[in-house]
Amino acid sequence: MGTGEPPILGPGQSFMTRLRGWVFSAFMLLSALFGQRCTYLRISMLRINLHHNTTSSSFILESYIVEKMHGSTSRSMGHNAWGVFFLKKTSLLLIFAFFHFRLDWLFFWNALYKMDPWLCTSEKISLKGILKYIPGAGWAMGCNSYIFLDRSFETDRTKLDAMLNYYASTGYNYQLLLFPEGTDKCPKATERSNTFARRNGLAQYNYVLHPRTTGFVHIVQNMRKANYIKYLYDVCIGFGDCIVQSETDLVSHGVSPKDVHYQVRKINIDNLPIDDEDLAQWLVDLWKDKEDQLRKFYSMKPDRREFENTRNGHDYEVNETTWLLQLFIIALWIFITFFWVTAFLQNQIMFLFFMFSCLIFGIIQTKYGGVEWLAIKKFNEAYANIEVIPTDSSTAK
């Protein structure tokens, strides 16, 4: 743990704090199982963007509830992605961030929303493969075509290629949130990172882990070949009051960081090295800078911690228009969730539909490896644009 880093919170919280965690997790489960039911069986990819936008908007509800129920606030400073992103229809934004705990992506939704709400509807994330098996939530993420990885490049390579080809072939713009370390900064991962550093004569970090360069280089170079990437966004994340290590601590113990800071920096893809080895070294050097940046951040007093704004950057806040839109989205998903829950409890047909849809998703998971691969198969049949489909043990052959 780096000098100045806030404490890691976990067990030992008050009953009311734990109750907030239980209520939050229960509502998120109901929202995933019922609220998004209206989008789950929409496998036809003829309206891809509408499908993804609808599914993604539900995460605005989850990040908002975390913010209000747990008193969490976030500050976003730096460059806005949406201006050039909107004008360039067929391009991918690669957003890569330091991964401190396993729910960083959930809090990042608030940062995206402050920059521009539309960014939340086009966000894609690379996640651990085991998360796709969570009932409801895993299905929702699969419907949104997230990338589930096994953290082994040999088995993940075809998955990455297939999903990235799918993004490019749809003709829509997305941004991919990538965590180059591949795991959260827990004590075990920190020790592995330090062992790797000692074996390779590298500096041992206190605030970040050494990045895994292979996957990053592969993604960037493939997107370059497809002419589907123009900018990368480097995100640095800092916590002012506390650190929550895992989703278990948020759900079971009700703990949550209340002061989260983001610095966002835009990087033109033309400014990155062309050669694979040089590109890998570029990422390594960037992580060295990130270590220094976080050391400076945590050297400040907790109530004065903030990142320096980037040149020509902005300090983003929710304005009246985006606040009203946020309220509308939240009210919509709450209504949909309670509508389906009520229908499930009071209407036999709806109950049977719920059980049937769960069965369908179980079959899809077993036969195709996830709803995202069935979506790619359907898209491939309709447009014949995607040729690479994963054939490892986790997907159908």
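Calculation notes
- Residues numbered from 1 in each chain as written.
- Predicted model: local features only at pLDDT ≥ 70, side-chain atom pairs only at ≥ 80, totals over all residues.
- Heavy atoms only, no water.
- UniProt positions renumbered as here; feature names shortened; annotations may be inferred.
- Helix = DSSP H or I, 4+ residues; strand = E, 2+ residues; numbered from the N terminus.
- Buried < 20%, exposed > 50% of the residue type's maximum accessible area, 1.4 Å probe, protein only.
- Contact = heavy atoms within 4.5 Å.
- Areas by Shrake-Rupley, 256 points an atom, 1.4 Å probe, with all protein chains shown as cover.
- Axes fitted to C-alpha atoms, helices over the stretch in contact; angles between N-to-C directions.
- Parallel < 35°, antiparallel > 145°, perpendicular 65-115°, else oblique.
- Left-handed = near helix turned anticlockwise from the far one by under 90°.
- Nonpolar A, V, L, I, M, F, W, Y, C, P; charged D, E, K, R; others polar.
- Expected span 1.5 Å × (residues − 1).
- Arc of directions from axis to C-beta.
- Polar contact = N/O pair within 3.5 Å; in protein donor to acceptor, adjacent residues only side chain to side chain.
- Patch = residues over 30% accessible without salt bridge, like charges linked within 9 Å, V, L, I, M, F, W, Y side chains within 5 Å.
- Salt bridge = Lys/Arg side-chain N within 4 Å of Asp/Glu carboxyl O.
- Phe/Tyr/Trp six-rings, centres within 6.5 Å; stacked < 30°, edge-to-face > 60°.
- Lys NZ or Arg CZ within 6 Å of the ring centre and 35° of its normal.

By the naming in an unreviewed UniProt entry, the protein is PlsC domain-containing protein, taken from Heterorhabditis bacteriophora. Under the UniProt heading Sequence similarities (unreviewed entry), the entry covering the protein gives this text: "Belongs to the 1-acyl-sn-glycerol-3-phosphate acyltransferase family."

Moving on to the overall build of the protein. When helices and strands are tallied, the protein shows 15 helices and 10 strands. A burial count over the protein gives 56% of its 397 residues as buried. In the protein, 78% of the contacts between residues at least 6 apart in sequence involve partners at least 24 apart. Approximately 17700 Å² of the protein is accessible, and the part contributed by carbon and sulfur atoms is 58%.

This brings us to the packing of helix α10 (residues 213-225) against helix α12 (residues 276-298). The geometry of a pair of packed helices is captured by two quantities: the angle between their axes and the separation between those axes. Viewed as axis vectors pointing N to C, α10 and α12 meet at an angle of 120 degrees, and their least axial separation amounts to 9 Å. The angle between α10 and α12 falls in the class oblique. The handedness of the crossing between α10 and α12 comes out as right-handed. Residues T213, F216, V217, V220, Q221 and R224 of α10 form the contact with α12, whose own contacting residues are D276, L279, A280, W282, L283 and V284. Here the contact of α10 with α12 is composed, by residue class, of eight nonpolar, two polar and two charged.

A few words now on helix α14 (residues 348-368). Look at α14: 30 Å from first C-alpha to last across 21 residues, which is about the 30 Å you get at 1.5 Å a residue. Restricting attention to buried positions, one finds in α14 the residues F354, S357, F361, I364, Q365 and Y368. With its buried residues spanning 110 degrees around the axis, α14 presents them on a single face. For α14, exposure combined with an orientation more than 90 degrees from the buried face picks out Q348, I349, L359 and T366. The residue sitting at the N-terminus of α14 and contributing the capping side-chain oxygen is N347; that oxygen lies 2.8 Å from the backbone nitrogen of I349. Of the residues trailing α14, G369 is marked for its positive phi of about 90 degrees.

What follows deals with a nonpolar patch on the surface. Side chains of V318, W323, L324 and L327 sit close together on the surface and give an oily, nonpolar patch of about 330 Å² of accessible area. Its place among the elements puts L327 in helix α13 (residues 320-346). Taking relative accessible area as the criterion, L327 reaches 31% and is therefore assigned partly exposed.

Per the UniProt record, "transmembrane region" (unreviewed entry) is found at residues 20-40, 92-110, 323-343 and 349-368. Helix makes up 100% of residues 323-343 and strand 0%, with an end-to-end C-alpha separation of 30 Å. Secondary structure within residues 349-368 divides into 100% helix and 0% strand; the distance between the first and last C-alpha atoms comes to 27 Å.

With that settled, consider the packing of α14 against helix α15 (residues 371-383). Where α14 contacts α15, the two axes come as close as 8 Å, and the packing angle between them is 75 degrees. As judged from the angle between their axes, α14 and α15 are roughly perpendicular. Taken together, the residues of α15 that come into contact with α14 (itself represented by F361, I364 and Y368) are V371, W373, L374 and K377. For the contact of α14 with α15, a count of residues per class yields six nonpolar, no polar and one charged.

Now for the packing of aromatic side chains. Note on aromatic pairs: each is described by the distance of the centres and the angle between the planes. Scanning the entire structure with this criterion turns up 16 aromatic pairs. Ring geometry for Y166 versus Y167: centroids 6.3 Å apart, planes at 40 degrees, classification tilted. Judged by relative accessible area, which is 0%, Y166 ranks as buried. Every member of this aromatic cluster is reached through a ring pair, and the members are Y166, Y167, Y174 and F379. Here the guanidinium or amino end of K266 rests over the ring plane of Y231, the centre of that ring lying 4.9 Å away.

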